[in-house]
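Observations on the model geometry
Spelled out, the chains give:
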Amino acid sequence: MQTFSKNERLCSKILIERLIETGKSFNHSPYRITWLPIAESSAPIKVVISVPKRSFKKAVDRNRLKRQTREIYRKEKQKVYDVLEDLPAGQVGKKILVMIVYTAKTKIEFKELELKLKEALERLSKTIVLK
């Protein structure tokens with residue numbers, strides 16, 4: 001299941017605001033991962049990816065980093081899905097919202113981005129299990 005379909009993308013401004021205000025987060029340079037368990041959703045994980053305009057003035061640079069991050073997430077998301085499926089049925093958090101923010105001030109090579117996002121998703125998986 002290596003797709004990243006429309007229903008897996010977090011587009012609702014209300015849900016994004018709730019995620020920012022009440023979500024739990026951690027830094028794993030160059031990414032900041034914010035997540036929030038929710039009760040109802042059309043997909044087990046809904047993701048939004050952000051690159052701040054403050055760090056990268058040119059849209060070309062922001063879009064490239066977002067594209068690279070989406071591609072890495074698409075290939076590595078199955079690990080998080082497996083953790084969610086293994087949670088007990090009654091446990092809140094079978095579905096989560098996730099925000100991935102690129103926090104570095106400079107561009108980083110794709111291989112290093114891939115390694116860092118893999119590590120961040122593994123940490124997210126462990127954090128979900130602990131809740």
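To be clear, the structure that these remarks concern was listed above.
Attention in this report is confined to the structure presented alongside it. Nothing here was measured: the structure is a model prediction, and the numbers come from that model. (Residues numbered from 1 in each chain as written. Predicted model: local features only at pLDDT ≥ 70, side-chain atom pairs only at ≥ 80, totals over all residues. Heavy atoms only, no water.)

Below, the discussion takes up the side chain of R62. Assignment of secondary structure puts R62 in helix α2 (residues 59-76). For the buried R62, which has no salt bridge, the nearest side chain bearing the opposite charge is D61, at an N-O separation of 7.6 Å. From its side chain, R62 meets the backbone oxygen of K57 in a polar contact 3.0 Å long. Once residues lying within four places of it in the same chain are set aside, the contact partners of R62 are V51, P52, K53, F56 and K57. (Helix = DSSP H or I, 4+ residues; strand = E, 2+ residues; numbered from the N terminus. Buried < 20%, exposed > 50% of the residue type's maximum accessible area, 1.4 Å probe, protein only. Lys, Arg positive; Asp, Glu negative; His and termini not counted. Salt bridge = Lys/Arg side-chain N within 4 Å of Asp/Glu carboxyl O. Polar contact = N/O pair within 3.5 Å; in protein donor to acceptor, adjacent residues only side chain to side chain. Contact = heavy atoms within 4.5 Å.)

One pass over the structure, following the stated rule, counts 6 salt bridges. Of the charged contacts, one joins K107 and D61 as a salt bridge, the two residues approaching to 3.3 Å between their closest N and O atoms. Of this pair, K107 sits in the loop between β4 (95-102) and α4 (110-130) while D61 is found in helix α2, placing the two residues 46 residues apart along the sequence. Residue D61 is classed as buried on the basis of its relative accessible area, which comes to 18%. A salt bridge links K75 to E114; the shortest N-O distance between them is 3.5 Å.

What follows is about unusual backbone geometry. The phi angle of most residues is negative, glycine excepted, and most peptide bonds adopt the trans form. P30 follows S29 through a cis peptide bond whose omega is 10°. Relative to the elements of secondary structure, P30 occurs in the loop between β1 (24-28) and β2 (31-38).

Scope: geometric values only; no functional claims are made or implied.
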